[in-house]
Amino acid sequence: MPGLLLDTLRGSNGVSRPIWLMRQAGRYLPEYRELRAEKGGFLALVYDSAAAAEITVQPLRRFGFDGAILFSDILIVPYAMGQDLQFLVGEGPHLSPRLVDHALKSLVAVPERLAPIYETVRQVVAQISPQTTMLGFAGSPWTIATYMVNGEGSRDQHETRAYAYRDPAAFQAIIDGVVDVTVEYLDGQIKAGAEAIQLFDSWAGSLAPREFEKWVIAPNAAIVKAVKALHPTVPIIGFPKGSGEKLAAYARETGVDAVGIDETIDPIWAARELPANMPVQGNLDPLLLLAGGQELEDRAIGVLEAFADRPHVFNLGHGIGQTTPIAHVEQLLSVVRSWKR
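Please read all numbers here as calculations on a predicted model, not as lab measurements.

Quick look at the nonpolar core
Right, so step 1: With 119 residues, the main nonpolar core has F171 and L332 as its most contacted residues.
Right, so step 2: When residues of this core are assigned to their parent elements, the largest contribution, 11 residues, is made by helix α9 (residues 168-192).

So, in structure tokens, the structure goes:
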């Protein structure tokens, strides 16, 4: 029997709400910090399937979340496409060569870089309860392309947005390449045991409306269509962070089964404007979880009540912060698990 999370993503609106948290496996957990110190850098952890599986399972042991989110990184796709990937201490990820200076066709694909991620999924599935939903994920093409063009993250994606205006054909080729590899990557995760998928478009909010249609909605729709052709019953969650009022068009036009909303979206607006009965996920501000106290409880209940009339997966509006106290996560879980529709 599927668990509460998978049921909800398939459209069930029960009396209780499933909960998982973006970045629930990470640096706020002492057991994660201990394992990372033992194993070395971030990429080494991702490519050690046993370690990555252990990290994925750690928050389940401690909190009993309804979903296990694969421990990996969205930049595995450009790494498999042939860019070099490094995570530098204090600087974040770096990809080279930057595609603002080199053509996509100069890269030599290394598809075997995807295989250890599939092994991580298999190892996690072997360890978790059938009632816990195994969540795979990938970055969406616009967000991935911003790193591939610029070589690193940026505040407003200036370099990539300018490149897409200057040479839309070359940028379209990058987007199309990311779509193809992402479909292959998600297919592999699902074959390994992933029961639902999330598409992270972390930088969707930097685009003007016409470009949002072209670089966010269209490529995500292409991925959803291709994955659904292979795995029609696997729910796909789309998370276009920062999309604001464009979220409604994204929900209608991409074909995703559920939509994640960030903390800047009014949940009452979302409940009114998103397609009827579409499952939603979110959207507590991670800083409320950091702060704790009565305000955390009151705002969590506000989110739950806003989405009482549709399927809802409780989550944060973005990833959990690394200094978040474990006691505050326990406090949130108590609120969500005691609430009834």
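Observations concerning helix α7 (residues 141-150)
Think of an α-helix as 3.6 residues a turn; residues three or four steps apart then line up on the same face.
Right, so step 1: Burial within α7 is extensive, with 10 of its 10 residues counted as buried.
Right, so step 2: Among the residues making up α7, those that are buried are P141, W142, T143, I144, A145, T146, Y147, M148, V149 and N150.
Right, so step 3: Where α7 terminates, the next one or two residues include G151, which has phi positive at roughly 85°.

Observations concerning the packing of α7 against α9
Right, so step 1: Interaxial distance between α7 and α9 falls to 9 Å at its minimum, and their mutual angle equals 120°. Considered as vectors, α7 and α9 are oriented oblique to each other. As α7 packs across α9, the resulting crossing turns out to be right-handed. Listed contacts from α9 to P141, W142, I144, A145, M148 and V149 of α7 are F171, I174, I175, V178 and V179.
Right, so step 2: Classifying every residue of the contact of α7 with α9 gives 11 nonpolar, no polar and no charged.

A closer look at the pattern of salt bridges
Think of it this way: side chains of opposite charge can pair up when their charged atoms draw near.
Right, so step 1: Going through the model one piece at a time under the given rule, you end up with 10 salt bridges.
Right, so step 2: With its nearest N and O atoms 2.9 Å apart, the salt bridge here joins R62 to E31. With R62 in helix α4 (residues 49-63) and E31 in helix α2 (residues 30-39), this residue pair connects regions lying 31 residues apart in the sequence.

Examining the pairing of strand β8 (residues 280-284)
Right, so step 1: Across the five residues that make up β8, a large majority, five, are buried.
Right, so step 2: In the classification by handedness, the crossover that spans strand β7 (residues 258-260), the intervening helix α12 (residues 267-273) and the parallel β8 is right-handed.

Some remarks on the side chain of T146
Right, so step 1: Position of T146 among the secondary structure elements: in helix α7.
Right, so step 2: Setting aside residues up to four positions removed in sequence, T146 forms contacts with G151, E152, Q157, T160 and W203.

Things to note about the packing of aromatic side chains
Right, so step 1: Following the criterion strictly, the structure yields 12 aromatic pairs and no others.
Right, so step 2: The interplanar angle of 70° and the centroid separation of 5.8 Å between the aromatic rings of W142 and F171 together place this pair among those described as edge-to-face. Of this pair, W142 sits in helix α7 while F171 sits in helix α9, placing them 29 residues apart in sequence. By the burial criterion, W142 is buried, and F171 matches it.
Right, so step 3: Taking the centre distance of 6.2 Å and the plane angle of 75° together, the rings of Y163 and F171 count as edge-to-face.
Right, so step 4: By way of ring pairs, the aromatic residues Y32, F42, F71 and F87 are connected into one cluster.
Right, so step 5: Against the face of Y79 rests R113, its NZ or CZ located 3.8 Å from the ring centre.
Right, so step 6: Taking NZ or CZ as reference, K246 lies 5.3 Å from the ring centre of F212, over its face.

Quick notes on unusual backbone geometry
Right, so step 1: A cis amide bond, omega -5°, links S96 with the succeeding residue P97.
Right, so step 2: As for its placement among the helices and strands, P97 is situated in the loop between β3 (92-96) and α6 (115-127).
Right, so step 3: Of the consecutive residues G282 and N283, the connecting peptide bond is found in the cis state with omega at -10°.
Right, so step 4: You can see N283 is positioned in strand β8.

Focus on the environment of R155
Right, so step 1: As for its position among the elements, R155 is in the loop between α7 and α8 (158-166).
Right, so step 2: For R155, a relative accessible area of 82% gives the class exposed.
Right, so step 3: On a C-alpha basis, the gap between R155 and W203 in space is 9.0 Å, while along the polypeptide they are 48 residues apart.

Quick notes on the sheet that holds β8
Right, so step 1: Taken in spatial order, the seven strands make up an open sheet running β1-β4-β5-β6-β7-β8-β9, and their pairing is parallel. Among the strands making up the open sheet, the edge pair consists of β1 (67-69) and β9 (312-316). The mean angle between the axes of side-by-side strands here comes to 25°, regardless of whether they run parallel or antiparallel.
Right, so step 2: Relative to β9, β8 runs parallel, the two sharing five bridges. Considered in β9, the bridge of G282 is made with F314.

Conventions used here
- Residues numbered from 1 in each chain as written.
- Predicted model: local features only at pLDDT ≥ 70, side-chain atom pairs only at ≥ 80, totals over all residues.
- Heavy atoms only, no water.
- Core = buried A, V, L, I, M, F, W, Y, C linked by side-chain atoms within 4.5 Å.
- Buried < 20%, exposed > 50% of the residue type's maximum accessible area, 1.4 Å probe, protein only.
- Helix = DSSP H or I, 4+ residues; strand = E, 2+ residues; numbered from the N terminus.
- Axes fitted to C-alpha atoms, helices over the stretch in contact; angles between N-to-C directions.
- Parallel < 35°, antiparallel > 145°, perpendicular 65-115°, else oblique.
- Left-handed = near helix turned anticlockwise from the far one by under 90°.
- Contact = heavy atoms within 4.5 Å.
- Nonpolar A, V, L, I, M, F, W, Y, C, P; charged D, E, K, R; others polar.
- Salt bridge = Lys/Arg side-chain N within 4 Å of Asp/Glu carboxyl O.
- Right-handed = clockwise from strand over helix to strand, strands pointing away.
- Phe/Tyr/Trp six-rings, centres within 6.5 Å; stacked < 30°, edge-to-face > 60°.
- Lys NZ or Arg CZ within 6 Å of the ring centre and 35° of its normal.
- Pairing = 2+ DSSP bridges.

Read these as spatial facts, not as claims about activity.
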